[in-house]
Amino acid sequence: MPAQGSILLFCLLGAVGLLVASGIASAVAGRRSERWSVRLGAVGAVTSCLAGLGAAALALALRADVVRSFAWNMPYGAFAAGIDPLTAFFLLPTFLLSGLAAIYAVGYFRPWNGRNPGRFWLFYNALVASMAVVLLARNGVLFLVAWEAMALTSFFLVIHDDAAAGVREAGWTYLVASHVGMAFLLALFFLLGRAGGSQDFAAFAAPAGSAGGLFLLALVGFGTKA
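Residues numbered from 1 in each chain as written. Predicted model: local features only at pLDDT ≥ 70, side-chain atom pairs only at ≥ 80, totals over all residues. Heavy atoms only, no water.

A.B. asks: Account for the overall build of the protein chain, with residues named and values stated.
C.D. replies: A count of helical and extended segments in the protein chain gives 7 helices and 2 strands. Each helix and strand of the protein chain, placed in order from N terminus to C terminus, yields the pattern α-α-β-β-α-α-α-α-α. Based on the C-alpha atoms only, the size of the protein chain along its principal axes is roughly 60 × 45 × 30 Å. In the protein chain, which comprises 226 residues, the proportion classed as buried is 41%. Excluding contacts between residues fewer than 6 apart, the proportion of contacts in the protein chain whose partners are at least 24 apart in sequence is 69%. For the protein chain, the exposed area adds up to about 11500 Å²; of that, 70% sits on carbon and sulfur atoms. Of the side chains in the protein chain, 13 bear a positive and 8 a negative charge, and the two mean positions are spaced by 8 Å. (Helix = DSSP H or I, 4+ residues; strand = E, 2+ residues; numbered from the N terminus. Buried < 20%, exposed > 50% of the residue type's maximum accessible area, 1.4 Å probe, protein only. Contact = heavy atoms within 4.5 Å. Areas by Shrake-Rupley, 256 points an atom, 1.4 Å probe, with all protein chains shown as cover. Lys, Arg positive; Asp, Glu negative; His and termini not counted. Charge placed at Lys NZ, Arg CZ, Asp CG, Glu CD.)

A.B. asks: Quick one: what's the story with the packing of helix α2 (residues 34-62) against helix α3 (residues 85-108), residue by residue and with numbers?
C.D. replies: Closest axis-to-axis distance for the α2/α3 pair is 8 Å, and the angle between their directions is 155°. One way to sum up the angle between α2 and α3 is to call them roughly antiparallel. Considering the relative orientation of α2 and α3, their crossing is left-handed. Contact residues: α2 offers Val 38, Ala 42, Ala 45, Val 46, Ser 48, Cys 49, Gly 52, Leu 53, Ala 56, Ala 57, Ala 59 and Leu 60, while α3 offers Pro 85, Ala 88, Phe 89, Leu 91, Leu 92, Phe 95, Leu 96, Ser 98, Gly 99, Ala 102, Ile 103 and Val 106. Of the residues that constitute the contact of α2 with α3, the class distribution is 20 nonpolar, 4 polar and no charged. (Axes fitted to C-alpha atoms, helices over the stretch in contact; angles between N-to-C directions. Parallel < 35°, antiparallel > 145°, perpendicular 65-115°, else oblique. Left-handed = near helix turned anticlockwise from the far one by under 90°. Nonpolar A, V, L, I, M, F, W, Y, C, P; charged D, E, K, R; others polar.)

A.B. asks: Hey, could you go over the nonpolar core for me, with residue numbers and the actual values?
C.D. replies: Looking at soluble globular proteins, one finds that nonpolar side chains tend to be buried together. The biggest cluster of nonpolar side chains holds 51 residues, and the ones touching the most others in it are Ile 83, Leu 91, Phe 120, Trp 121, Tyr 124 and Leu 136. At the level of elements, α1 (2-29), α2, β2 (79-83), α3, α4 (117-136), α5 (140-158), α6 (165-196) and α7 (211-225) are the ones that each hand at least two residues to this core. Per-element accounting of this core gives the leading share, 11 residues, to α4. Leaving out residues up to four positions away in the same chain, Leu 136 has contacts with Leu 9, Leu 12, Leu 13, Ala 80, Ala 81, Gly 82, Ile 83, Thr 87 and Leu 91. (Core = buried A, V, L, I, M, F, W, Y, C linked by side-chain atoms within 4.5 Å.)

A.B. asks: Could you give me a rundown of the side chain of Ser 130, with the residues and numbers involved?
C.D. replies: Along the chain, Ser 130 falls in helix α4. With a relative accessible area of 5%, Ser 130 lands in the buried category. Looking at Ser 130, its side chain comes within polar contact range of the main-chain oxygen of Leu 127, at 2.8 Å. Not counting residues up to four positions away in its chain, the partners in contact with Ser 130 are Ala 146, Ala 149, Met 150 and Thr 153. (Polar contact = N/O pair within 3.5 Å; in protein donor to acceptor, adjacent residues only side chain to side chain.)

A.B. asks: Explain the packing of α2 against α4 to me, and be specific about the residues and the numbers.
C.D. replies: The contact between α2 and α4 brings their axes to 9 Å, and the two run at 10°. With respect to their mutual orientation, α2 and α4 come out roughly parallel. Contacts between α2 and α4 involve Glu 34, Ser 37, Val 38, Gly 41, Ala 42, Ala 45 and Cys 49 from the former and Pro 117, Gly 118, Trp 121, Tyr 124, Asn 125 and Val 128 from the latter.

A.B. asks: Break down the packing of aromatic side chains for me, citing the residues and quoting the values.
C.D. replies: For the structure on display, the rule yields 20 aromatic pairs. A centroid spacing of 5.4 Å and a plane angle of 90° characterise the contact between Trp 147 and Phe 222, whose relative ring orientation is edge-to-face. Here Trp 147 is found in helix α5, whereas its partner Phe 222 is found in helix α7, with 75 residues between them in sequence. Classification of Trp 147 as buried rests on a relative accessible area of 8%. The class for Phe 222 is partly exposed, based on a relative accessible area of 32%. If you follow Arg 39 out to its NZ or CZ, it ends over the ring of Trp 36, 5.1 Å from the centre. (Phe/Tyr/Trp six-rings, centres within 6.5 Å; stacked < 30°, edge-to-face > 60°. Lys NZ or Arg CZ within 6 Å of the ring centre and 35° of its normal.)

In structure tokens:
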């Protein structure tokens, strides 16, 4: 089972990598051809979501439970990612709905008429990738990096049609609210990591007498995003 779980985890990380790569390819292609930009972005998104959906479904069926860590150069960090039944359960709607939304977006924006499809697919695919990493993360630093990426890519998608003043206002409101929540999450993870001596989720510990305060930090941090 650990070997199967590791293979499924690497498949999920591969789907994340394909999302990012196809988004970048779409942005590059968008300078020359809107058609190829849409094809690269949409096909990359749908293919990645299908691969992620299949891996998540297998992980849930097999009840895989595995964590893998890789060293990186960020303070307190390790690229610690894992898959377990709960993670797989939430990855299923993430990949399913993201894949369907990618298909819908192709027709929704047609004709693109200078809307820069490369920019759209870059941020859309990166958003899906960051959502998946949020679920796969097993280290606080990695989680917060993915959480911030999720906020920024969402912001650029909200203001995609930035010619309208209302769109710009909605985008900035969203960005400010997201970073208010981010500040509370930073405090939450700092306190949990300091008590446990590590930012790995497995080492998190609550300081004595702080349960109520930590709950409020989590409620505001995650609730603001919701």
